[in-house]
Amino acid sequence: MKALVLIGGFGTRLRPITYSIPKQLIPIAGKPMLYHVLDLLPPEVDEVVLATGYKAEVIERYVRGHMPAVRVQFVEEKTPLGTGGGMRNAGDDMSDPFLLMNSDVIAQVDVRALLDLHRRSGGVGAMTLTEVDDTRPYGVAALGPDDRIVGFVEKPQPKDAPSHWINAGVQVWHRSVLDRIPRGRALSFETEIVPGLLSHGIYGFRSRGYWEDAGTPERLLHAQRLLFDAGRGGPGRRPPGASGHGPVAVGHDVRAEGAEIGPYSCLGDGVVLHSGAHVENSVLMDGVTVHAGGRVVGSIVGPGMEVAGGVRTENQVLGTTPAP
Ligand code: GDD
Ligand code: MG
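Only a predicted model underlies this, so the values are computations on that prediction, with no experimental measurement involved.

1. Focus: the coordination of the magnesium ion (ligand 2)
Item 1. Ligation of the magnesium ion (ligand 2) by protein atoms is provided by Asp104 (OD) and Asp213 (OD), these donors lying 2.1 to 2.3 Å from the ion. Taken together, the residues Asp104 in the loop between β6 (98–102) and β7 (105–107) and Asp213 in strand β13 (residues 211–213) connect sequence positions 109 residues apart. For the residue pair Asp104 and Asp213, the accessibility class agrees, reading buried in each case.

2. Looking at the layout of surface pockets
Here the idea is plain: a probe the size of a water molecule rolls over the atoms and shows the empty space left.
Item 1. Of the volumes computed, that of the largest pocket is approximately 740 Å³.
Item 2. What lines the largest pocket is a set of 35 residues, and nearest its centre among them are Arg13, Thr83, Asn102, Asp104 and Glu190.
Item 3. Taken together, the elements giving at least two residues each to the lining of the largest pocket come down to β1 (2–7), α4 (82–90), β11 (165–173), α6 (189–197) and β13.
Item 4. Considered class by class, the residues forming the lining of the largest pocket number 12 nonpolar, 14 polar and 9 charged.
Item 5. Of the voids in this model, the second largest pocket is the one considered here, and its volume is about 540 Å³.
Item 6. Surrounding the second largest pocket, 23 residues form its lining, Pro27, Pro32, Tyr62, Asp269 and Asp286 being those nearest its centre.
Item 7. Elements that contribute at least two residues to the lining of the second largest pocket include exactly β3 (31–32), α3 (56–65), β14 (248–250) and β16 (265–267).
Item 8. Across the lining of the second largest pocket, the residue classes break down as 13 nonpolar, 6 polar and 4 charged.
Item 9. Both domains that furnish three or more residues to the lining of the second largest pocket are identified here as domain 1 (2–216) and domain 2 (234–324).

3. Some words on the sheet that holds strand β23 (residues 306–307)
Item 1. An order of β17-β20-β23 is seen for the 3 strands of this open sheet, with the pairing classed as parallel. The sheet is open, and its two edges are formed by β17 (272–273) and β23, each paired on a single side.
Item 2. Inspection of the sheet shows β17 paired to strand β20 (residues 289–290) by 2 bridges, in the parallel sense. Paired with Leu273 across the bridge in β20 is Val290.

4. Things to note about the environment of His245
Item 1. Tracing the backbone through its elements, the reader meets His245 in the loop between α7 (217–229) and β14.
Item 2. Spatially, the C-alpha atom of His245 lies 8.6 Å from that of Glu260, the residues being 15 residues apart in sequence.
Item 3. Not counting residues up to four positions away in its chain, the partners in contact with His245 are Arg238, Ile261, Gly262 and Pro263.

5. Considerations on unusual backbone geometry
Item 1. Between Asp96 and the following residue, Pro97, the backbone shows a cis peptide bond with an omega angle of 0 degrees.
Item 2. Relative to the elements of secondary structure, Pro97 occurs in the loop between α4 and β6.
Item 3. One non-glycine residue with positive phi stands out, namely Asp146, at about 60 degrees.
Item 4. Relative to the helices and strands, Asp146 resides in the loop between β9 (139–143) and β10 (149–154).
Item 5. Judged by relative accessible area, which is 71%, Asp146 ranks as exposed.
Item 6. Although it is not a glycine, Asp147 adopts a positive phi angle of roughly 55 degrees.
Item 7. On the secondary structure map, Asp147 appears in the loop between β9 and β10.

6. Some details on the site of ligand 1
Item 1. Ligand 1 sits among 25 residues. The nearest are Gly8, Glu77, Asn167, Glu190 and Asp213.
Item 2. Within the backbone of Gly8, an N or O atom sits 2.6 Å from an oxygen atom of ligand 1.
Item 3. The separation between an oxygen atom of ligand 1 and a polar side-chain atom of Glu190 is 2.5 Å.
Item 4. A total of 730 Å² of accessible area belongs to ligand 1 in isolation, and the protein chains cover 91% of it.
Item 5. Among the detected pockets, ligand 1 sits in the largest pocket.
Item 6. Where the shell around ligand 1 is concerned, the elements lending two or more residues are β1, α4 and β13.

7. Considering the domain arrangement of the protein
Item 1. Here the protein is partitioned into domain 1 (2–216) and domain 2 (234–324).
Item 2. Computed over C-alpha atoms only, the centres of domain 1 and domain 2 are separated by 31 Å.
Item 3. The interface is formed by 11 residues belonging to domain 1 together with 15 residues belonging to domain 2.
Item 4. Of the roughly 970 Å² buried between domain 1 and domain 2 on both sides combined, carbon and sulfur atoms contribute 79%.
Item 5. On the domain 1 side of the interface with domain 2, the three residues burying the most area are Pro16, Ile17 and Pro27, jointly 45% of the side's total.
Item 6. In this structure, the connection of domain 1 to domain 2 is made through 0 salt bridges.
Item 7. Class assignment of the residues belonging to the side of domain 1 that touches domain 2 gives a composition of 9 nonpolar, 1 polar and 1 charged.

About the thresholds
- Residues numbered from 1 in each chain as written.
- Chains lettered and ligands numbered in written order.
- Predicted model: local features only at pLDDT ≥ 70, side-chain atom pairs only at ≥ 80, totals over all residues.
- Heavy atoms only, no water.
- Donors = N, O, S within 2.8 Å, 3.2 Å for Na, K, Ca; no water.
- Helix = DSSP H or I, 4+ residues; strand = E, 2+ residues; numbered from the N terminus.
- Buried < 20%, exposed > 50% of the residue type's maximum accessible area, 1.4 Å probe, protein only.
- 1 Å grid on protein atoms, 1.4 Å probe; cavity = no way out; pocket = protein on both sides within 12 Å on 5 of 7 lines; lining within 4 Å.
- Points joined across faces, edges and corners; volume = space filled by probe spheres on them.
- Nonpolar A, V, L, I, M, F, W, Y, C, P; charged D, E, K, R; others polar.
- Domains from an automatic or database assignment.
- Pairing = 2+ DSSP bridges.
- Contact = heavy atoms within 4.5 Å.
- Near = heavy atom within 4 Å.
- Polar contact = N/O pair within 3.5 Å; in protein donor to acceptor, adjacent residues only side chain to side chain.
- Areas by Shrake-Rupley, 256 points an atom, 1.4 Å probe, with all protein chains shown as cover.
- Sits in = over half its atoms within 2 Å of the grid points.
- Buried area = accessible area lost by both parts, 1.4 Å probe.
- Salt bridge = Lys/Arg side-chain N within 4 Å of Asp/Glu carboxyl O.

What follows is the structure, encoded as structure tokens:
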């Protein structure tokens, strides 16, 4: 079986870091977002097709250097085609059925059970659904008998949302749905294609495990807490001379003598925390330095950045903005 992973998109909500790094390579609880998504794949998946666009070469270089256990194929879009166009462009050789994964969801989903539901139901697809309070940023399903999806609205106003069950970004589809996507233009699968497939049978798979879309800074840090709380973060040993408690993920060659590494922190390779620095509920990518007495809380700091000493950096996304 193949899995098609959508990995285009500009990651605008995580700028300025995403000017230089695609969001899927931002580490969460010790490894890049994309690799948490790949962890969900069941063993019967033997090939992953990455539908890339923005920063395709950065993704390809990283993945080739950190090969997952399955075979990987890269299909790059020269211009962004949206979720539907990306599926069409990368879907020429899909298995039947195939999995469709968004690359920015941090979740606990029983993909095997999703596949079983799809096989039993006889429909053209099945969509993992998760229950959220605020449905505005998501695609929302209306459910009929046997959890057949009878309506689907992408990013509705609250008054138009038919339920609180949203598309969790983990789906299984019959290969024939790809033939319904027009070639060569940008389009949204969720908006332009899914509604027309409802009459052919799409079933909702209600998942009650943790779930988050890590596409904004707040949600990325929330996803990191979910992973740590589920025991999926690490490696979690603080470097010599550092204090602190609570779950952390610490890369290679981190120096933090006299610093405090608080709970829910992810430090990349080569991070340096000077004496009296404090980090908590944050992601510090490779090579970040926090000067003496600097406090970093609720923030995501891009590779190689220097954080000022003696001041508090809170709820920030720090990275380099390219010159205009
Ligand atoms: N190949 C390709 N090309 N991939 C793309 C493109 C593109 O032009 N645009 C976005 N993607 C990828 C993103 O990298 C992400 O993995 C996935 O497609 C979804 O795009 P987002 O931009 O993150 O969409 P969203 O979060 O607003 O909404 C989607 O995800 C929600 C769950 O997180 C929709 O699928 C919603 O229905 C869903 O509820
Ligand atoms: Mg998203």
